[in-house]
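# Commentary on secondary and tertiary structure
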Amino acid sequence: MSLSDQLLVLGNGFDLQCGLASSFKDFEEPRKKTIDELLKTYFASGNNADTLEEKTEVITYPNGNQGQCGASLPADLWDKHITVWDLVLIEDERVRTWYDVEACIRDWLLNRPRKDQLREENQLKTVKSYIQSYKFSNLQQDLEQRRPKRTGTMQLKIAAQPSEVFVNMPVDEQVAMLIINWYSDKTDEASIIRVMMRELHRLEMEFSNYLNSIMKNNKQYYKFANDLLVELLNDQLTNSDGADNLNKFFNKPVDSFAINGPTDSARILDFNFTNPVYEFGSTPDLINIHGDMYGEDIIFGIDGNNVDNSIENYSELVKFTKTFRLMALSKGPKVNLVRPHLPGQPGSETSIIKFFGHSLGDPDYSYFQAIFDEVDLYESNTHLIFYYNQNRTNEKDENEESSNDLAESAQEDMFEKVNRLITTYGQTLDNKDHGRNLMHKLLLENRLRVIQAPGCPKASQR
């Protein structure tokens, strides 16, 4: 393929491949451990508030109320920067078996239970009911009343599983208990939604702090990231302009940082909160579409297509969508990511769109639909390249048979994701016949490829 204007779409798989522990699981598991350790301190058999630390620290909550660290569970959770979303996410992960923060937020707010969940009423109404019942109660006293008592010297189950009293409550009850302690005593659903947004901001700030801390301890990230970027951007191109026209990717004179052609022929849409070219302050243009850790303005949000304007509390729920939040923060793209298809002007559109490390999931579908619309995917000559990685850094088994299984699994997994993305997009086309045969057209014209990513040895081996 000759030198062309291209867009590279990056997901978290890129940072993971570069050795950065940037997954939400990496972030959330220590927080889960913090919660369990606090509960163990409070509710292990034989302990109570009177036997905890004598020296306490006063914590002031957003509603002006105060709690004491070392004597109050809500105060200690607040002091450890735990949010109510942590509790929701931990409960969600038990059923989903992985952390999907955006899908979890969507399902909790929009009352979309998974197939294995039964729910008679939506979460907001449940939380409101709990808040009304706890409005004049004390969380610490209530938990102590629920705590099993010792019988002689016999240790009850609570000693072995200290989180039984609190963590194993319905998560909506946990949320209500903390909201009534940390925030106001208002019980209408709109107020609860606003509190959930404040808690989401706290979670985002904590994730930003986490990323900054792990970046400080990963001195090799930029080297791995820059090397991989060059591999991806050069892949599937031919040097039709000749070797003498190779342009440096970055301002620093590093020989490996080169791409075949002018640097303004490539743009990067980055769904991560890091920036692999941040230290170099150079081209190609890179947009962190959901904010970045450097400005501490990262965004967790849901796809705008999920929020119907006819639903109850729409004016509050729409504020959780990525589109609304990007608009509110003025975080929209500062450069054109793609060149549009212009009828009668062959080759006017972005020629190649490459995807690496992205799950292609529902929360970001609106972005892909907008990009495909811009290049007029059906009528144009835009090529799509989806990379899978059979050497994913989170895989531990190194024997040959397992490696072969992993390669097939990674490839098949990407086939399924691509098929779902293109099929879903085809359903949006006005010409339904075009929509149904879009996948076949792309394949027949050799404009769709699913291939192993170049330059992807494990970062730990480099």
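What counts and what doesn't
Residues numbered from 1 in each chain as written. Predicted model: local features only at pLDDT ≥ 70, side-chain atom pairs only at ≥ 80, totals over all residues. Heavy atoms only, no water. Pairing = 2+ DSSP bridges. Helix = DSSP H or I, 4+ residues; strand = E, 2+ residues; numbered from the N terminus. Axes fitted to C-alpha atoms, helices over the stretch in contact; angles between N-to-C directions. Contact = heavy atoms within 4.5 Å. Buried < 20%, exposed > 50% of the residue type's maximum accessible area, 1.4 Å probe, protein only. Right-handed = clockwise from strand over helix to strand, strands pointing away. Parallel < 35°, antiparallel > 145°, perpendicular 65-115°, else oblique. Nonpolar A, V, L, I, M, F, W, Y, C, P; charged D, E, K, R; others polar. Expected span 1.5 Å × (residues − 1). pLDDT = per-residue confidence, 0-100. Salt bridge = Lys/Arg side-chain N within 4 Å of Asp/Glu carboxyl O. Polar contact = N/O pair within 3.5 Å; in protein donor to acceptor, adjacent residues only side chain to side chain. Core = buried A, V, L, I, M, F, W, Y, C linked by side-chain atoms within 4.5 Å.

### Re the sheet that holds strand 9 (residues 383–388)
Strand pairing in a sheet takes place through backbone hydrogen bonds and is either antiparallel or parallel in direction. On the basis of which strands lie adjacent, the open sheet formed by six strands has the order 7-6-1-8-9-10 and parallel pairing. Looking at which strands have only one partner, the edges of the open sheet turn out to be strand 7 (285–288) and strand 10 (448–452). Each strand axis lies, on average, 20° off the axis of its neighbour in the sheet, ignoring direction. Alignment of strand 9 against strand 10, held across five bridges, turns out to be parallel. Across the sheet, the residue bridging to tyrosine 387 is isoleucine 451, located in strand 10. The sheet contacts of helix 14 (residues 365–375) involve strand 1 (6–10), strand 6 (266–270), strand 8 (352–356) and strand 9, and relative to strand 8 the element is tilted by about 165°.

### Details of the pairing of strand 8
Strand 8 sits mainly inside the fold: five of its five residues count as buried. Residue alternation in strand 8 divides its side chains into two sets, Ile352, Lys354 and Phe356 and Ile353 and Phe355, and both sets are buried. For strand 1 and strand 8, the ladder comprises five bridges, and the chain directions are parallel. Along strand 8, the bridge assignment pairs valine 9 with phenylalanine 355. Pairing geometry for strand 8 and strand 9, over five bridges, is parallel. Across the sheet, residue phenylalanine 355 finds its bridge partner in strand 9, namely phenylalanine 386. What joins strand 8 to strand 9 is helix 14, and the crossover it makes is right-handed.

### Topic: the packing of helix 4 (residues 84–96) against helix 10 (residues 189–216)
Axes are the key here: two packed helices are described by the angle between their axes and the distance separating the axes. The geometry of helix 4 relative to helix 10 is characterised by a closest axis approach of 8 Å and an angle of 85° between their N-to-C directions. With respect to helix 10, the element helix 4 is oriented roughly perpendicular. Note on element contacts: helix 10 touches helix 4 through Met196, Glu199, Leu200 and Leu203, opposite Val84, Trp85, Asp86 and Leu89. Among the residues forming the contact of helix 4 with helix 10, the class breakdown is six nonpolar, no polar and two charged.

### Let's talk about helix 11 (residues 221–234)
The terminal C-alpha atoms of helix 11 lie 20 Å apart, and with 14 residues this matches the ideal 20 Å at 1.5 Å per residue to within 8%. Taking burial as the measure, the 14 residues of helix 11 include 12 buried ones, the bulk of the element. Along helix 11, the positions that sit buried rather than exposed are Tyr221, Tyr222, Phe224, Ala225, Asn226, Asp227, Leu228, Leu229, Val230, Leu232, Leu233 and Asn234.

### Some thoughts on the confidence of the model for the protein
For the protein, mean pLDDT is 78; residues scoring 70 or higher make up 73% of the total. Counting interchain partners and residues more than four positions distant, the pLDDT-below-50 stretch residues 45–49 has 14 contacts. Contacts from residues 240–263, a stretch scored under 50 in pLDDT, to residues over four places away or in other chains number 56 contacts.

### Re the pattern of salt bridges
When their charged atoms lie close together, side chains carrying opposite charge are able to pair. This structure, assessed with the given rule, holds 22 salt bridges. Notably, a salt bridge pairs arginine 339 with aspartate 5, separated by 3.7 Å at the nearest N-O pair. Here aspartate 5 lies in the segment before strand 1 and arginine 339 lies in the loop between helix 13 (322–329) and strand 8, a separation of 334 residues in the sequence. When its relative accessible area of 32% is taken as the criterion, arginine 339 is described as partly exposed. Residue class for aspartate 5 comes out buried when judged on its relative accessible area of 7%.

### Details of the side chain of glutamate 199
With respect to the helices, strands and loops of the structure, glutamate 199 is situated in helix 10. Among the polar contacts listed, one links the side chain of glutamate 199 to the side chain of tyrosine 183, at a separation of 2.5 Å. Filtering out sequence-adjacent residues up to four positions away, glutamate 199 remains in contact with Trp78, Thr83, Val84, Trp85, Trp182 and Tyr183.

### Examining the packing of helix 9 (residues 171–182) against helix 10
Contact geometry of helix 9 with helix 10 gives a least axis separation of 12 Å together with a crossing angle of 90°. It follows from the interaxial angle that helix 9 and helix 10 lie roughly perpendicular. Between helix 9, through Val175, Ile179 and Trp182, and helix 10, the contact on the second element is made entirely by Ile192, Val195, Met196, Glu199 and Arg202. Considering only residue class, the contact of helix 9 with helix 10 consists of six nonpolar, no polar and two charged.

### Overview of the nonpolar core
Core analysis: the biggest nonpolar cluster contains 83 residues, and Phe14, Trp85, Ile179, Phe300 and Phe320 have the highest contact counts within it. Looking at which element gives the most residues to this core, the answer is helix 10, with 12 residues. Those residues within four positions of tryptophan 85 in sequence are excluded, and the remaining contacts are Ile105, Trp108, Leu109, Met196, Glu199, Leu200, Leu203 and Phe320.

### What to know about unusual backbone geometry
A positive phi angle, near 70°, is found at glutamine 236, a position not held by glycine. By secondary structure assignment, the location of glutamine 236 is in the loop between helix 11 and strand 4 (247–248). Glutamine 236 sits in the partly exposed class, given a relative accessible area of 23%. Although it is not a glycine, aspartate 376 adopts a positive phi angle of roughly 50°. For aspartate 376, a relative accessible area of 29% translates into the label partly exposed.

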